[in-house]
Amino acid sequence: MTDPATGKVRFSIVPAAYVLLLREGTAGDEVLLQLRQGTGYMDDHWASAAAGHVERGETALDAARREALEEIGVADLDLEFATAMQRTAHDLPIDERVDFFFTARSWRGEPRIVEAAKCAELRWVPLDELDTLPGPVVPHERFVLDGLRRRDLTPLSQFGF
């Protein structure tokens, strides 16, 4: 996009919202993850159970609630802000991102796979046992999960710089 006042080309940022469902397990906090499939992005990686782009005119909170209902069939989430992450892949303009991560410890409904073409499996995983998954976690999401596990996640984080 070109700034009409200066003529400089500015990059566009793609915003996304992530929902990390958490519960107390026998080995500490557990997070609900999905195994991505058929999306064309990070397929065969474990990821947040619900996430997606923030649509025009939508707040990040509203996007998080919408994605949770669309992807795992839960509503009335008690969302808590975890971090905003600015990230880049140093490639295409679409790789300039701001991600809003929220956690929830209460919701209505039993999480289930709603979009079977995009999700192969849902699994509760102890935050201390992410390395035992049969496959990798999406790298920028792993960064957030590790921060939650260590309890040192900051309100603003960067990835890929």
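Residues take numbers from 1 onward in each chain, read along the sequence in its written order. Per-residue local features of the predicted model are confined to residues with pLDDT of at least 70, and side-chain atom pairs are confined, for both listing and counting, to 80 or more; whole-chain, interface and lining totals are unaffected and use all residues. Excluded from the side-chain calculations are hydrogens and water; all other atoms, namely the structure's heavy atoms, are used.

**Some points on the overall build of the protein chain**
Next, step 1: Here a strand is any run of E in DSSP of at least two residues, a helix any run of H or I of at least four, and the numbering for each starts at the N terminus. Across its full length, the protein chain carries two helices and eight strands.
Next, step 2: The secondary structure elements of the protein chain, listed N-terminal to C-terminal, are β-β-β-β-α-β-β-β-α-β.
Next, step 3: Taken over C-alpha atoms, the radius of gyration is set against a globule rule of 2.2 Å times the number of residues to the power 0.38. Over its C-alpha atoms the protein chain spans a radius of gyration of 16 Å, differing by no more than 12% from the 15 Å that the globule rule assigns to 161 residues.
Next, step 4: Reported as C-alpha extents along the three principal axes, the dimensions of the protein chain are approximately 55 × 30 × 30 Å.
Next, step 5: Among the 161 residues that make up the protein chain, the fraction classed as buried is 43%.
Next, step 6: Nonlocal contacts in the protein chain, meaning residues at least 24 apart in sequence, comprise 66% of its contacts between residues at least 6 apart. Remark: exposure states derive from per-residue accessible area (1.4 Å probe, protein chains only) relative to the maximum for the residue type, with buried under 20%, exposed over 50%, and partly exposed in between. Contacts are residue-level and defined by heavy atoms, with any inter-residue pair within 4.5 Å sufficient.

**Some points on the pattern of salt bridges**
Next, step 1: The term salt bridge refers to a pairing of a side-chain nitrogen on Lys or Arg with a carboxyl oxygen on Asp or Glu at a separation within 4 Å. All chains considered together, the criterion is met by 13 salt bridges.
Next, step 2: The closest approach of N and O atoms between R66 and E58, which form a salt bridge, is 2.7 Å.
Next, step 3: A relative accessible area of 21% places R66 in the partly exposed class.
Next, step 4: The partner of D152 in a salt bridge is R150, with the nearest N and O atoms 3.0 Å apart.

**Describing the nonpolar core**
Next, step 1: Of all hydrophobic cores here, the largest spans 19 residues; its most connected members are L20, V31, L33, F101, L130, L133 and L145.
Next, step 2: For this core, the elements supplying multiple residues, two or more each, are β1 (14-25), β2 (28-36), β5 (79-87) and α2 (139-150).
Next, step 3: Top contributing element to this core by residue count: β1, with four residues.
Next, step 4: Excluding residues within four positions of it along the chain, L145 makes contact with L20, V31, L33, L127, L130 and V137.
Next, step 5: Remark: nonpolar core denotes a set of buried residues (Ala, Val, Leu, Ile, Met, Phe, Trp, Tyr, Cys) joined through side-chain atoms within 4.5 Å. With 17 residues, the next largest nonpolar core counts A17, V54, A60 and A68 among its residues.

**Quick word on the side chain of H45**
Next, step 1: Residue placement: H45 occurs in the loop between β2 and β3 (46-48).
Next, step 2: Those residues in contact with H45 that sit more than four places away from it in its chain are Q34, L35, R36, P136, V137 and V138.

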